[in-house]
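Structural overview
Listed below are the residues making up each chain.
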Amino acid sequence: MVSAAEPSIGLRFENVDKRYGAVYALRNLTLAIAPGECVALAGRNGSGKTTLLRIAACLMRPTRGTLSFSGVAENQNPRAGFVAHASMVYGELTAKENLLFFAKLLGVANRQQRVDNLLREVGLGERKDSLVRTFSRGMRQRVAIARALLADPSLLLFDEPATGLDSEATMWLTGHLAKLRDSGCTILLSLHGESEIARLATRAVRLDTGSAVADTRSGATFQSVFSMAGG
Amino acid sequence: MTKRVLLGAAAVLLVMAAAYAAFFVAPEERTMGVLQRIFYFHVSCAWAGLTAFSVGFLGNLLYVWKRKEKYDWLGVSCAEVGLVFTTIVLISGPIWAKPAWGIYWTWDARLTSTFILWLLYISYLLLRTLIEEPDRRALLSALFGIFAFIDVPIVFGAIRWWRTQHPAPVIMGGPNSGLAPGMRETFFFAVFAMHILMWFLIAERYSLEKMRGDVELLRQEADET
Amino acid sequence: MGLLSNTAALLGKEVRTEFRSRELLSTTMVFVLIVVVLFSFTFDPTTNESHRFGPGLLWLAFLFAASLMLQPCFLREQVNDTLSALRLAVSDPFAIFLAKLGANTLFLLMTEVLMLPVFAAFFNVSFRGQLPGILLTFFLGSLGISVAGTALAAISAQARMRELLLPLLLLPLLAPILVASTEVTVSLMAPEPFMQWKGIGFLTVFDVVFLTALWLFGEYLLEE
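Residues numbered from 1 in each chain as written. Chains lettered and ligands numbered in written order. Predicted model: local features only at pLDDT ≥ 70, side-chain atom pairs only at ≥ 80, totals over all residues.

**Describing the interface of chain C and chain B**
Definition in use: Here, residues touch in the contact sense if the C-beta positions derived from the backbone fall within 7 Å of one another. Counting from the N terminus, the helices are DSSP H or I runs at least four residues long and the strands are E runs at least two residues long. For this classification, the nonpolar set comprises Ala, Val, Leu, Ile, Met, Phe, Trp, Tyr, Cys and Pro, the charged set comprises Asp, Glu, Lys and Arg, and every other residue, Gly included, is treated as polar.
Of the residues lining the interface, 26 residues belong to chain C; the matching set on chain B comes to 27 residues. Those elements that provide at least two residues to the side of chain C that touches chain B are helix H7 (131–156), helix H8 (162–173), helix H9 (175–188) and helix H10 (197–221) of chain C. In terms of residue count, the dominant contributor to the side of chain C that touches chain B is H10(C) (9 residues). Each residue belonging to the side of chain C that touches chain B can be placed in one class, and the counts come to 21 nonpolar, 1 polar and 4 charged.

Pasting the structure below:
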């Protein structure tokens, strides 16, 4: 998926704050992610995982501090593939129409073919002409993932991707994430606790009240990073 | 602290002096008599209001650019103070119009435009009450403030053109049309006095807003420890 | 992938979605009809006076209808957070605004054009021969309403009481549109019709100023 010509993307958060009035979602966060790493972000609700991902996606700006990317041109948006809590697709359009629309915006080459391939890959080949609002949560997640993968991004961001998925869908997701990891994409995923998905990661970081408090890169074990994360 | 007290005292004294000048120093106008003297307040308040909104506009632009709280404090202070002066204009207009024309409101171009101006800034303040999160509130109200302010010249222009199509009684005639010598000094003195008052009111409102910000900061720090 | 092609793709989607359900168009048209009928109870539409009142009431009806019609614009992008998906996919966020204001202008224009013969019948006005002028006025007026309305819809979507807030913010701002459009339309529907170019000038100035402002500040309206 990541061709040899495209370098993988690295990120560096330096002293990043994100404030909502009196509340700090992120506080003095410093975190460097190397190209090609697959990082699991652990932490309780409200620890700042979603905020970190939205800033990494360039949907939000930090109140203070900087986020810089390696492997992209200066001031260029890295165009990350982002899968959030919300499906980010239109309920009143079909799966195929949604993907064709976003592919058009992104300037994807050979749109029709790419969309058909992706839909088949995520297992929605049969249901591609059904309206997304008729889909189950698991199927919407698959459309969301297909949407994130349309432009072949080198940076992927997943916000609790397994929430609400049944075991079959979770198995499929785990397999798919493994493939993406092995192809060299940089992946950040946020998780509640240890699970099969967490085991895909090459590194784990725990967030607590907006700062990084444990990191397997600095010696903590995977287990310790996740076990204190709570349910 | 003393600077503020001095500014306040100066403002009060100047306004009182301007009032004295308006009633006792300026020559009486031939056709309208005593009634015309309200003009010194009506027009000087209009100018002070517009100055306040202009400074607020700059504050809004600066906030969008720099994102520093203090520009938001400036923006809201200027909007409120400008609104006070604009309200005085809207009240003094009818006070003049009733004895002069027999009706309270003539839909005169300047007064009508001023009414729209007043509505725009009331909306600005209303918008602020409907957004809780301070950074969002600051950004969105700054953006609305910018849109509102750039509309103001178009509003005044369009309504004036409309009024040339459908003439109606004009409140107080043109402000600089044939101001006799004694009147001109009084008028500009009143403008000056109102601007000092405006400056004082904005400064006070600004420091109130700043204090609120400081209290919030202290409360956050207390929560953390 | 550039601004124009993004705008075209987004505009295509907005129009296609609307034509599938037609809910915005139908509710807007019915609303304008209701307002026009109710207005007619407040004065006698058959006298010569109606030449003067009629167009003003028509434009008021358009303005009220627009302040309701413009709300879903950004609210519907909040449902599944598709606004974030759009922001991630387009190269220039201004494309999102251009497409939405283009779609809104189109829908408003369609409503107005369909309402014109109805209005002419109700108020006994003739506009024969003046159609180009009237269409120009409708276009410039609707464009102004849409530019300001789309920008303010982005603001009100992020506040409380958003259904009430948009009309509150929008209607004072659109005063010049109401004044200028009414004046030009009145002259075009007069017994001896003529074109008021100065009014057209005001409409154009409004449109250009606000389009420029939207271009300069649009991305901040979409910030999180």
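**Examining the sheet that holds strand E4 (residues 64–70) of chain A**
All names here are of chain A. To keep things clear, this is the line we draw: DSSP bridges decide pairing: two strands pair if at least two such bridges lie between them. Here an angle of 0 to 180 degrees is reported between the N-to-C directions of two axes, which are lines fitted to C-alpha atoms, with helices fitted over the stretch in contact.
Spatially, the 3 strands line up as an open sheet ordered E2-E1-E4, and their pairing is antiparallel. The strands lining the two open edges of the sheet, one partner per strand, are strand E2 (23–33) and E4. Between one strand axis and the next, the sheet turns through 15° on average, direction left out of account. The pairing of strand E1 (residues 10–20) with E4 spans 6 bridges and is classified as antiparallel. By the bridge assignment for E4, glycine 10 is matched with serine 70.

**Section: the packing of helix H2 (residues 38–66) of chain B against helix H3 (residues 69–101) of chain B**
All names here are of chain B. Where we set the bar: Any angle from 65 to 115 degrees is called roughly perpendicular, while one under 35 is roughly parallel, one over 145 is roughly antiparallel, and all others are oblique. Handedness of a crossing is defined here by the sense of rotation of the near helix relative to the far one, left-handed for an anticlockwise turn of less than a right angle and right-handed for a clockwise turn.
The contact between H2 and H3 brings their axes to 7 Å, and the two run at 160°. By the angle between their axes, H2 is roughly antiparallel relative to H3. Crossing geometry of H2 relative to H3 is assigned as left-handed. Of the residues assigned to the contact of H2 with H3, the class counts are 20 nonpolar, 10 polar and 2 charged.

**Concerning unusual backbone geometry**
All names here are of chain A. Applied cut-off: Note on burial: count the other C-beta atoms lying within 10 Å of the residue's C-beta; 20 or more is buried, 12 or fewer is exposed, in between is partly exposed, and C-beta positions come from the backbone.
One non-glycine residue with positive phi stands out, namely asparagine 28, at about 50°. Summarising the element assignment, asparagine 28 is placed in strand E2. Positive phi, close to 50°, is recorded for arginine 79, a residue that is not glycine. Counting through the fold element by element, arginine 79 comes out in the loop between E4 and strand E5 (81–83). Arginine 79 gets classed as partly exposed once you count the C-beta atoms within 10 Å, which come to 19.

**Here's the deal with the domain arrangement of chain A**
Residue and element names in this part refer to chain A. The cut-off we apply is this: The domain boundaries here were taken from an automatic or database domain assignment.
For chain A, the assigned domains are domain 1 (1–80 + 153–231) and domain 2 (91–151). On a C-alpha basis, the centres of domain 1 and domain 2 stand 24 Å from each other. In this complex, domain 1 contributes 9 residues to the contact, which on the side of domain 2 involves 6 residues. Split by residue class, the side of domain 1 that touches domain 2 holds 6 nonpolar, 1 polar and 2 charged.

**Some points on the confidence of the model for chain B**
As a general rule, the predicted coordinates of low-pLDDT regions are not to be interpreted in detail. Cut-off, in case you're wondering: A residue's pLDDT is simply how confident the predictor is in it, with values from 0 to 100.
Residue-level pLDDT values for chain B average 89, and 96% of them are 70 or greater. Confidence scores differ between elements of chain B, with helix H1 (residues 2–25) of chain B showing the lowest mean pLDDT of 87 and helix H4 (residues 109–129) of chain B the highest of 95.

**Some points on the pairing of E2(A)**
Residue and element names in this part refer to chain A. In terms of strand pairing, E1 meets E2 through 7 bridges, oriented antiparallel. Directly across from arginine 12, in E2, lies its bridge partner alanine 32. Adjacent in sequence and paired antiparallel, E1 and E2 are bridged by 2 residues, among which glycine 21 carries a positive phi angle near 65°.

**A few points about the pairing of strand E3 (residues 38–42) of chain A**
Residue and element names in this part refer to chain A. The element E3 is largely enclosed, with a buried count of 5 among its 5 residues. Residue alternation in E3 divides its side chains into two sets, Cys38, Ala40 and Ala42 and Val39 and Leu41, and both sets are buried. Here E3 runs beside strand E8 (residues 203–208); their pairing, made up of 4 bridges, is parallel. If you follow valine 39 over to E8, its bridge partner there is arginine 203.

**Section: the environment of Gln112(A)**
Within the element layout of this structure, Gln112(A) appears in helix H3 (residues 111–121). As a C-alpha pair, Gln112(A) and Leu100(A) span 12 residues in sequence and 7.0 Å in three-dimensional space.

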